[in-house]
Amino acid sequence: MTEKIAALLESWGVNKALEQVEFLLDPANIPFAIWETLYAPLLAAVFAYLIGLPLGILLVTGEENGIRPMPKNLMRVLNTLINLLRSIPFLILMVMVFPLSRLILGTSIGTTATIIPLTVAAAPYVARLVEASLREIDRGVVEAAQSMGCSTWQIVTKVMLPECKPSLISGATNAAITILGYGAMAGSIGGGGLGAIALMRGHGRGQTVVLYVAVILLVILVQIIQTVGTRLCVKTDKRITHK
Amino acid sequence: MEPIIELKNLTKTFGAGGGQVSALRDVSLAVYPGEIFGIIGLSGAGKSTLVRCVNLLEHPNQGAVLFHGRDLTGLKEKELRMQRRKISMIFQSFNLLEQRNCLDNICFPMELAGIPRKEAKQRAMELLETVGLPDKAAAYPVQLSGGQKQRVAIARALASDPEVLLCDEATSALDPKTTDAILKLLQTINRERGITIIIITHQMSVIEQICNRVAILDAGQVAEIGAVEEVFRNPKSPAGRRLVSPSMALPLAEDMPLARIAFNGNASADPIIASLVMDLGMKVSIMGADTRNVDGKAFGTMLISLPEEAEKKKTILDYLNAFAGVTAEEV
């Protein structure tokens, strides 16, 4: 089987076909790479939301006309910090965060170690996504909630977040895909996954078939995430009438 | 009787420095339990700011907001939230929670008050019945018409068992027929539950249809305040006249003496002007006329030209004032 496919590829002019096919068909390689591709970004996404969601809420509620205005200087510092983190290219941020990874995880190499730079890069992005979602809410709805005697906490948990749920889901889909993309990039500093395979084997060693397979698998993963996200978003949105 | 809501010397300015706008200037008024009180004014008169000061969605720069004689402006936030539950509000844009169905929208204030879910649901069903939408419990706001949304909003406003209902242009986004139905519903609620209603509107017809008393707001100040009939029959302020008979507020020939005749509903069937011309032998022109139906009685205002001579003016005014239910004055 392996030889047959390799021979076929050779006949199409592919170099080192046997080596590539053997690698791709080995059950230890691709499934594990998919797992590695998903687990670090997914964990990073969870951590990024733990930090980014409250930050995003604060960006909306704490502004001058928000429901709980915060000191102007605090908001300014927060905004600047988020912009700063977002403007650093991920590759550079990753290297800059090495000491932090070493401090928290004891290592700065490997798939697990990429969780730290991924979180640092994604949290400010998530904060902006959440901010944008919450800004969609009609000021009048918040006002109505205030007129009913809602506290700030109740407005956030019972009005803002539930009313923005579809938009938040769509934002989370975006975040997941972006983090997945960063994760593929993290392959270059010793993280594993499809990105690393595409980079090291595919690009580095000229194994074009491996490169294409890895990229196609990444595309499929993104497609799945996007489809699930969109479906979930549409399904939760009660503003859309399902007939 | 003690007022339920009393606003004392409210002042509110927005912005600072050169761009400062005063929305309210020393506004004082009292609303008594059980009445339907209208606040009318042209857009930009400060109506919305005023009504938002009642439940302190907007904090006045100066002045006091008394609810049962207690100043709300001095309350701690938590205490204010408790008081707000006694003062419900409905809005022009309904402001329903779009991700909740009607039943859950109505349950919302009860959720805040910590009423058990089962009890809240039952009460919400009763309220849906009250507002005439018993079959819409599971419907989401997007599936409702404007009038239906406002009914749900009213049910939601009633859920906290309020003493006062604030209506901020509640019918302005609705067609005349729906407006009529919503106003009737508000009237029923006022009668049957004894809820005091404060209505903010720019539509004279809304005031005519359900209000007992009205305050006319002009450029952030109360221009006049009184029983609706009284204000309609004889608006004392320029803003009042503009609102009661808009067509007559137009600047006419500058120095032409004019008289305004007000009919209070008893006399409008008599051919007063024709009688005047025939009896006195003096010619007058009708410059404008506007009559409307208030509380089942016809009210009218008419603007006629007067001769230049003071004596003739007096003769005409005296003649007109002799009719029952007619007041005439030079303007």
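The structure this text deals with has already been given above.
It should be emphasised that the depicted structure is a prediction, and the values quoted were computed from it without experimental measurement.

Undergrad: Help me out: how do you make sense of the overall build of chain B in this one?
TA: Across its full length, chain B carries eleven helices and 14 strands. With respect to the three principal axes, the spread of C-alpha positions in chain B is 80 × 50 × 40 Å. By residue count, 51% of the 331 residues in chain B fall in the buried class. In chain B, the share of contacts with a sequence separation of at least 24, taken over all contacts with a separation of at least 6, comes to 69%. Carbon and sulfur atoms make up 49% of the accessible area of chain B, which totals about 14,800 Å². A gap of 7 Å separates the mean positions of the 37 positive and 39 negative side-chain charges of chain B.

Undergrad: Can you help me understand the pairing of strand 1 (residues 5–14) of chain B in this one?
TA: It is a general feature of regular strands that their side chains alternate between the two faces of the sheet. Residues and elements named next belong to chain B. Alignment of strand 1 against strand 4 (residues 62–67), held across five bridges, turns out to be antiparallel. Residue pairing in the sheet places Glu6 in a bridge with Leu66 of strand 4. Where strand 1 and strand 2 (residues 21–31) come together, seven bridges link them in antiparallel fashion. Directly across from Lys12, in strand 2, lies its bridge partner Leu24. Here strand 1 folds back onto strand 2, and the loop between the two strands holds six residues, one of which, Gly15, carries a positive phi near 75 degrees.

Undergrad: So what exactly am I meant to see when it comes to the packing of aromatic side chains here?
TA: For any two aromatic rings, the description comes down to two numbers: the centre-to-centre distance and the angle of the planes. Under the criterion given, the structure shown has three aromatic pairs over all chains. With centroids separated by 4.5 Å and ring planes inclined at 10 degrees, the aromatic side chains of Phe90 of chain A and Tyr182 of chain A adopt a geometry described as stacked. With a gap of 92 residues between them, Phe90 of chain A in helix 5 (residues 90–105) and Tyr182 of chain A in helix 9 (residues 165–186) connect regions that are remote in the sequence. For Phe90 of chain A, a relative accessible area of 6% gives the class buried. We classify Tyr182 of chain A as partly exposed; its relative accessible area is 25%. Plain terms: the ring middles of Tyr319 of chain B and Phe323 of chain B are 5.6 Å apart, the flat faces sit at 75 degrees to each other, and that makes the pair edge-to-face. Lying across the ring of Phe23 of chain A, Arg201 of chain A places its NZ or CZ 3.8 Å from the centre.

Undergrad: Any chance you could explain the sheet that holds strand 4 of chain B here in plain terms?
TA: Hydrogen bonds between backbone groups are what pair the strands of a sheet, and the pairing can be parallel or antiparallel. All names here are of chain B. Spatially, the four strands line up as an open sheet ordered 2-1-4-5, and their pairing is antiparallel. The open sheet has two edge strands, strand 2 and strand 5 (70–71), and neither has a second partner. The pairing of strand 4 with strand 5 spans two bridges and is classified as antiparallel. Across the sheet, the residue bridging to Leu66 is Asp71, located in strand 5. Relative to the sheet, helix 1 (residues 47–54) contacts strand 1, strand 2 and strand 4, its axis offset from that of strand 1 by approximately 125 degrees.

Undergrad: What am I meant to see in unusual backbone geometry here?
TA: Trans peptide bonds make up most of the peptide bonds, and negative phi angles are found at most residues other than glycine. Residue and element names in this part refer to chain B. Despite not being glycine, Leu56 has its phi angle at roughly 60 degrees, a positive value. Mapped onto the elements, Leu56 comes out in the loop between helix 1 and strand 4. Leu56 sits in the buried class, given a relative accessible area of 1%. With a phi angle near 55 degrees, His68 is a residue other than glycine that sits in the positive phi range. Along the polypeptide, His68 turns up in the loop between strand 4 and strand 5. We classify His68 as partly exposed; its relative accessible area is 49%.

Undergrad: Where do I start with the interface of chain A and chain B in this structure?
TA: By convention, interface size is frequently given as the accessible area that disappears when the constituent parts associate. Taken together, the contact between chain A and chain B spans 25 residues of the former and 24 residues of the latter. Looking only at chain A, the three residues that lose the most surface to chain B are Ser147, Met148 and Lys238 of chain A, adding up to 29% of its buried area. There are three salt bridges connecting chain A and chain B. A salt bridge links Arg68 of chain A to Glu77 of chain B, with the nearest nitrogen and oxygen atoms 3.4 Å apart. Applying the counting rule to chain A against chain B returns nine residue pairs in polar contact (both at pLDDT 80 or more). Elements with a minimum of two residues in the side of chain A that touches chain B: helix 7 (139–147) and helix 8 (152–163) of chain A. Top contributing element to the side of chain A that touches chain B by residue count: helix 7 of chain A, with seven residues.

Reading guide: rules and limits
Residues numbered from 1 in each chain as written. Chains lettered and ligands numbered in written order. Predicted model: local features only at pLDDT ≥ 70, side-chain atom pairs only at ≥ 80, totals over all residues. Heavy atoms only, no water. Helix = DSSP H or I, 4+ residues; strand = E, 2+ residues; numbered from the N terminus. Buried < 20%, exposed > 50% of the residue type's maximum accessible area, 1.4 Å probe, protein only. Contact = heavy atoms within 4.5 Å. Areas by Shrake-Rupley, 256 points an atom, 1.4 Å probe, with all protein chains shown as cover. Lys, Arg positive; Asp, Glu negative; His and termini not counted. Charge placed at Lys NZ, Arg CZ, Asp CG, Glu CD. Pairing = 2+ DSSP bridges. Phe/Tyr/Trp six-rings, centres within 6.5 Å; stacked < 30°, edge-to-face > 60°. Lys NZ or Arg CZ within 6 Å of the ring centre and 35° of its normal. Axes fitted to C-alpha atoms, helices over the stretch in contact; angles between N-to-C directions. Buried area = accessible area lost by both parts, 1.4 Å probe. Salt bridge = Lys/Arg side-chain N within 4 Å of Asp/Glu carboxyl O. Polar contact = N/O pair within 3.5 Å; in protein donor to acceptor, adjacent residues only side chain to side chain.

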